[in-house]
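# Breakdown of the fold
This is what each chain is made of:
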Amino acid sequence: MATHYSELKWIDELKFDAFQNGKTIRIDANPDESVTTGVRPKALILTSLAGCTAIDVIDMLKKMRVGFSEFSIKVSGELTEEDPKTYQTVKLTYRIELKDEADRSKVEKAVNLSQEKYCGVTAMVRKFADLQVGIDYL
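Here the structure is a predicted model, which is why all the values come from computation and not from measurement.

## Description of the overall build of the protein chain
A count of helical and extended segments in the protein chain gives 3 helices and 6 strands. Going from N to C terminus, the protein chain has its helices and strands arranged as β-β-β-α-β-β-α-α-β. Its C-alpha atoms give the protein chain principal-axis dimensions of roughly 55 × 35 × 35 Å. For the protein chain, buried positions account for 28% of its 138 residues. Of the roughly 9300 Å² of accessible surface on the protein chain, 52% is carried by carbon and sulfur atoms. For the protein chain, the separation between the mean place of its 20 positive charges and that of its 22 negative charges on side chains is 6 Å.

## What to know about the side chain of Asp-103
Topologically, Asp-103 is positioned in the loop between strand 5 (87-98) and helix 2 (104-118). Asp-103 sits in the buried class, given a relative accessible area of 11%. When sequence neighbours within four positions are dropped, the list of residues in contact with Asp-103 reads Val-66, Gly-67 and Leu-98.

## Looking at the sheet that holds strand 2 (residues 15-20)
If you trace the 3 strands from one edge of the open sheet to the other, you get 1-2-3, paired in antiparallel fashion. At either margin of the open sheet sits one strand with a lone partner, and together these are strand 1 (7-12) and strand 3 (23-28). Averaged over all adjacent pairs, the angle separating strand axes in this sheet is 25°, with direction ignored. Two elements, strand 1 and strand 2, share 5 bridges in a ladder whose sense is antiparallel. Pairing of Asp-12 across the sheet is with Lys-15, part of strand 2.

## Side note on the environment of Tyr-5
Of note, Tyr-5 is situated in the segment before strand 1. Each residue touching Tyr-5, except ones within four places of it in the same chain, is listed here: Phe-19 and Gln-20.

## Quick notes on the sheet that holds strand 6 (residues 130-137)
Spatial ordering of the open sheet is given by 4-5-6, a layout of 3 strands whose pairing is mixed. Taken across any chain shown, the strands that pair with only one partner, and hence form the sheet edges, are strand 4 (68-79) and strand 6. Across the sheet, the mean angle from the axis of one strand to that of its neighbour is 15°, orientation sign disregarded. Sheet strands in contact with helix 1 (residues 41-63) are strand 4, strand 5 and strand 6, and its direction is about 150° off that of strand 4.

## What about helix 2?
Taking 1.5 Å of rise per residue, the 15 residues of helix 2 would be expected to cover 21 Å, and the 20 Å separating its terminal C-alpha atoms lies within 8% of that figure. Three or more residues of helix 2 are buried, namely Val-107, Ala-110, Val-111, Ser-114 and Gln-115. Mapping the buried residues of helix 2 onto a view down its axis gives an arc of 125°, with all of them on the same face. Exposed and facing more than 90 degrees away from the buried side of helix 2 are Lys-109, Glu-116 and Lys-117. Residues of helix 2 that are buried sit in contact with helix 1, strand 5, helix 3 (120-125) and strand 6.

## Quick notes on the environment of Ser-114
Assignment of secondary structure puts Ser-114 in helix 2. Assessed through its relative accessible area of 0%, Ser-114 is described here as buried. Placed 57 residues apart in sequence, Ser-114 and Val-57 show a C-alpha to C-alpha distance of 6.4 Å. In contact with Ser-114, not counting residues within four places along its chain, are Thr-53, Asp-56, Val-57, Met-60, Tyr-94 and Cys-119.

Criteria and thresholds
Residues numbered from 1 in each chain as written. Predicted model: local features only at pLDDT ≥ 70, side-chain atom pairs only at ≥ 80, totals over all residues. Heavy atoms only, no water. Helix = DSSP H or I, 4+ residues; strand = E, 2+ residues; numbered from the N terminus. Buried < 20%, exposed > 50% of the residue type's maximum accessible area, 1.4 Å probe, protein only. Areas by Shrake-Rupley, 256 points an atom, 1.4 Å probe, with all protein chains shown as cover. Lys, Arg positive; Asp, Glu negative; His and termini not counted. Charge placed at Lys NZ, Arg CZ, Asp CG, Glu CD. Contact = heavy atoms within 4.5 Å. Pairing = 2+ DSSP bridges. Axes fitted to C-alpha atoms, helices over the stretch in contact; angles between N-to-C directions. Expected span 1.5 Å × (residues − 1). Arc of directions from axis to C-beta.

Honestly, that's just the spatial picture; any functional story needs more than this.
Right under this line is the structure:
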């Protein structure tokens, strides 16, 4: 069984540095977002979701020999009103520019496999939020 580790160190006010595999991520929950020096902890869940499924999809598209020139994922999350505020709805949109429009079915297959079988972060997010998935072809 794989085990992941992360360490968090308080810097000052609501700033922390998270250390993982020799890399540092600054977390900052200052209410004034114009002066924050890092990312918000809840939003990291959305980033993790995008990263997990992107790895799956890109890996599959390469194996399927799908040519594309652009790929990105947009994620937004709607929080509940009551505390503890959690994501109730998460919208995930894959954005891809294909070299051959005939490859759309391969893109859809890769996205479905990631969403239904491979992406562990997707499985976790589905336990607490309505996950809505779409694909925009550029």
